Amino acid sequence: MRTGLAVAVAAAALAVAVPQAGAVGAKSDRPAAGPDKVNSVQKETDGRRVLRPRAGNPVQISPAAYNQARSILAKAGSMTAAKSHPIHGTTGVPARYGVNLLACARDEYRAHDKNLPLKQSGMSPYHYIAIHDAAKTMGITRW
């Protein structure tokens, strides 16, 4: 009798705790991302979109690497990179800053190069090389 009662109490406590964890924002089919993890939307085989951590990117990059990549993108014509503020006075920059800079520049380049006949990944070869050089400078492999 006591064992059955203990199991019932434990099951009720678990049933109450599970919806509260779901209310925080973490869904059972999606892993919760930490503050320094960059997420990627990937399609599963059944068509669902699921957030997955991007492997290979560093957690932090040096300010010099960020500034150099910013300069590469600005010289290639990215207005976002040209308007962004150079990083100084800190020992490290979150990699998400670099990922965001690369993604914005990529979108700008694709919009600018949409009518060109010769493209790589939707960009001119010049922009393609510039964005990959900037990514390599920061050590970012996925953006």
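Please read all numbers here as calculations on a predicted model, not as lab measurements. (Residues numbered from 1 in each chain as written. Predicted model: local features only at pLDDT ≥ 70, side-chain atom pairs only at ≥ 80, totals over all residues. Heavy atoms only, no water.)

What to know about the overall build of the chain
Looking only at helices and strands, one finds five helices and four strands in the chain. Relative to all contacts within the chain whose residues are 6 or more apart in sequence, the contacts with residues 24 or more apart total 57%. (Helix = DSSP H or I, 4+ residues; strand = E, 2+ residues; numbered from the N terminus. Contact = heavy atoms within 4.5 Å.)

Focus on unusual backbone geometry
With a phi angle near 55°, Ser 121 is a residue other than glycine that sits in the positive phi range. Relative to the helices and strands, Ser 121 is located in the loop between helix 4 (95-112) and helix 5 (125-138). In this structure Ser 121 comes out as partly exposed when scored by relative accessible area, which is 47%. (Buried < 20%, exposed > 50% of the residue type's maximum accessible area, 1.4 Å probe, protein only.)

Looking at the packing of helix 2 (residues 63-75) against helix 4
The geometry of helix 2 relative to helix 4 is characterised by a closest axis approach of 11 Å and an angle of 5° between their N-to-C directions. Considered as vectors, helix 2 and helix 4 are oriented roughly parallel to each other. Judged by residue contacts, Tyr 66, Arg 70 and Leu 73 of helix 2 engage Tyr 97, Gly 98, Leu 101, Leu 102, Ala 105 and Tyr 109 from helix 4. Counted by class, the contact of helix 2 with helix 4 contains seven nonpolar, one polar and one charged residues. (Axes fitted to C-alpha atoms, helices over the stretch in contact; angles between N-to-C directions. Parallel < 35°, antiparallel > 145°, perpendicular 65-115°, else oblique. Nonpolar A, V, L, I, M, F, W, Y, C, P; charged D, E, K, R; others polar.)

Quick look at the side chain of His 127
If you trace the backbone, His 127 turns up in helix 5. Here His 127 falls in the buried class, since its relative accessible area comes to 7%. Side chain to side chain, His 127 and Asp 113 meet in a polar contact 2.6 Å long. (Polar contact = N/O pair within 3.5 Å; in protein donor to acceptor, adjacent residues only side chain to side chain.)

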